[in-house]
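Structure at a glance
Take a look at the letters that make up each chain.
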Amino acid sequence: MLFGYEIKNKKLKRMVENKADELNISVEQLISNYINRGLMSDGINEDVFWRLHSEEYLKQINDTLDVD
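The present account deals with the structure reproduced in this document. Remember, it's a predicted structure, so these values are computed and weren't measured experimentally.

**Re unusual backbone geometry**
Phi is positive for Asn24, close to 60 degrees, though the residue is something other than glycine. Classification of Asn24 by relative accessible area gives exposed; the value is 70%.

**Some words on helix 1 (residues 10-23)**
Helix length check: helix 1, at 14 residues, gives a terminal C-alpha distance of 20 Å against a target of 20 Å (1.5 Å per residue), a fit within 8%. Regarding helix 1, the residues found buried are Met15, Val16, Lys19, Ala20 and Leu23. Looking straight down helix 1, one finds its buried side chains confined to an arc of 135 degrees; they lie on one side. Seen from the open side of helix 1, the exposed residues pointing more than 90 degrees away from its buried face are Lys10, Asp21 and Glu22. One side-chain oxygen of the residue at the start of helix 1 lies 3.0 Å from the amide nitrogen of Lys11, identifying that residue as Asn9. One or two positions beyond helix 1, positive phi appears at Asn24, with a value near 60 degrees.

Definitions and cut-offs
- Residues numbered from 1 in each chain as written.
- Predicted model: local features only at pLDDT ≥ 70, side-chain atom pairs only at ≥ 80, totals over all residues.
- Heavy atoms only, no water.
- Buried < 20%, exposed > 50% of the residue type's maximum accessible area, 1.4 Å probe, protein only.
- Helix = DSSP H or I, 4+ residues; strand = E, 2+ residues; numbered from the N terminus.
- Expected span 1.5 Å × (residues − 1).
- Arc of directions from axis to C-beta.
- Polar contact = N/O pair within 3.5 Å; in protein donor to acceptor, adjacent residues only side chain to side chain.

Structure, rendered in structure tokens:
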């Protein structure tokens, strides 16, 4: 484990696990990539970077968290 975390929102946890499976990476790597996307953009596979930041994926996160 790269760092300690707990995803308490069940819908968000399921979404993160599904996205990690889809990208064939661990949940820890997915979270790390997402957190560090602005700090270490060259450390993330470009294909994974764009899939994590697509309008569709960001809308899915917003919908899951019920934010606008």
